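Next come the chains, spelled out residue by residue.
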Amino acid sequence: MRHVGWIAGAAATVLVAAGAITYAVADGGDSGTRTPAADSADAGFARDMAVHHQQAVEMSYIVRDRTKDVEVRRLAYDIAQTQANQRGMLLGWLDLWELPKVSADPPMTWMGMGDMASGKDGSLMPGMATNAEMKRLGTLNGRKAEVFYLQLMTDHHKGGIHMAEGCVATCAVGVEKRLAQGMVDAQQSEITLMADMLKARGAKARD
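Bear in mind the structure is a predicted one, so any value in this text is a computation, not a measurement. Sequence order sets the numbering: in each chain, residues are counted from 1 along the sequence as written. Note on the predicted model: pLDDT of at least 70 is required for a residue's local features to be given, and 80 or more for side-chain atom pairs to be given and counted; whole-chain, interface and lining totals, by contrast, use all residues. With hydrogens and water excluded, all non-hydrogen atoms of the structure serve as input to the side-chain values.

## What about helix H2 (residues 41-64)?
Applied cut-off: To qualify as a helix, a DSSP run of H or I must reach at least 4 residues; to qualify as a strand, a run of E must reach at least 2; elements of each kind are numbered from the N terminus. Under the convention used throughout, the expected extent of a helix is 1.5 Å for every residue step, that is, one less than its residue count. Here the term buried applies to any residue with accessible area under 20% of the maximum for its type, exposed to any over 50%, and partly exposed to those in between, with areas from a 1.4 Å probe on protein chains only.
For H2, built from 24 residues, the straight-helix expectation of 34 Å at 1.5 Å per residue is met to within 8% by its first-to-last C-alpha distance of 34 Å. With 18 of 24 residues buried, H2 lies mostly within the body of the structure.

## Observations regarding the nonpolar core
Note the threshold: By nonpolar core is meant a set of buried Ala, Val, Leu, Ile, Met, Phe, Trp, Tyr and Cys residues that side-chain atoms within 4.5 Å join together. In what follows, a contact means two residues having at least one pair of non-hydrogen atoms within 4.5 Å.
Ranked by internal contacts, the top residues of the largest apolar core, which has 51 residues, are Phe45, Met59, Leu90 and Tyr149. Put simply, the parts of the chain that give this core at least two residues each are H2, helix H3 (70-96), helix H4 (131-137), helix H5 (142-170) and helix H6 (174-200). Tallying contributions element by element places H5 first for this core, with 11 residues. If we ignore the near neighbours within four places in the chain, the residues touching tyrosine 149 are Met59, Ser60, Val63, Val72, Ala76, Ile79 and Leu137.

## A look at the pattern of salt bridges
The line we're drawing: Salt bridges are identified by distance alone: a Lys or Arg side-chain nitrogen within 4 Å of an Asp or Glu carboxyl oxygen.
Considering all chains together, one arrives at six salt bridges under this definition. One salt bridge connects arginine 201 with aspartate 69, and the closest N-O pair in it is separated by 3.1 Å. Here arginine 201, found in the segment after H6, pairs with aspartate 69, found in the loop between H2 and H3; they are 132 residues apart in sequence, far enough to count as distant. Under the relative-accessibility criterion, aspartate 69 is labelled partly exposed at 24%. Overall, arginine 201 belongs to the buried group, its relative accessible area being 10%. Salt bridges here are not isolated pairs; linked through shared partners, they connect Asp69, Glu71, Glu146 and Arg201.

## What about the state of the cysteines?
What counts is decided by this rule: Note on terminology: disulfide denotes any pair of cysteine sulfur atoms within 2.5 Å.
A full pass over the atoms with the stated rule returns one disulfide. Linked covalently through their sulfurs, cysteine 167 and cysteine 171 form a disulfide whose S-S length is 2.3 Å. Since a negative S-S torsion denotes a left-handed disulfide, the cysteine 167-cysteine 171 link at about -120 degrees is left-handed. Taking the relative accessible area as the measure of exposure, cysteine 167 reaches 0% and is therefore buried. Take cysteine 171: its relative accessible area is 5%, and that puts it in the buried class.

## Examining the packing of aromatic side chains
Here is the rule: The rule is short: rings of Phe, Tyr and Trp, with Trp giving its six-membered ring, pair when the centres are within 6.5 Å, and they are stacked under 30 degrees, edge-to-face over 60, tilted in between. Consider the ring centre and the ring normal. A charge sits over the ring if Lys NZ or Arg CZ is within 6 Å of that centre and within 35 degrees of that normal.
This model, assessed by the stated rule, comprises two aromatic pairs. With a centroid separation of 5.6 Å and 75 degrees between ring planes, the pair formed by phenylalanine 45 and tryptophan 110 is classed as edge-to-face. Taken together, the positions of phenylalanine 45 in helix H2 and tryptophan 110 in the loop between H3 and H4 put the pair 65 residues apart, joining distant regions of the chain. For the pair phenylalanine 45 and tryptophan 110, a shared accessibility class is recorded, and that class is buried. Seen in terms of ring centroids, tryptophan 93 and tryptophan 97 are 6.2 Å apart; in terms of plane orientation they differ by 35 degrees. Their pairing is tilted. Look at tryptophan 93 and you get buried, because its relative accessible area is 0%. With a relative accessible area of 9%, tryptophan 97 lands in the buried category. Note that arginine 136 overlies the ring of phenylalanine 148, its terminal NZ or CZ placed 4.2 Å from the centroid.

Printed below as a string of structure tokens:
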């Protein structure tokens, strides 16, 4: 329970910083960085991570209806709130940059991975659950729902970390790079927490 409280505190810190970060981009700050191009890593990350985050939000609200476990429900709420807020920031930046929120290019093109197999049953990017997995989560209850959610979210976070690390390495807008690094740090902590939660339920992350 103490770990979940720490995660909640970290999430709150991210939310407080959100307004300042968005204002910095809107105000044209960040060391005079020019508006990114539509095919830039900055725009590609914003578009793709917004989609990636949306599924995490949906998954988290599903499990909150499938279990009464306080620890899992609190974690799911923290993830949903944090990622919904970050998604709003990413889409807001695209608006401020006057760039489209969708692209004709395949997901992950900005990372040089546009030719990877994608879209299989709704799994558009690394770590994303398939439509069948999302549907299954909605049919489970209690401990089975908890375990499956924690397994799906662990995979989801691993894929998200890979994408965020790509932005840290290639994005040009400083505030976006810092947000991406914050995602890496927070999601790595949550993966550790979820491993402990799975172990407590006699399960482990999927291979």
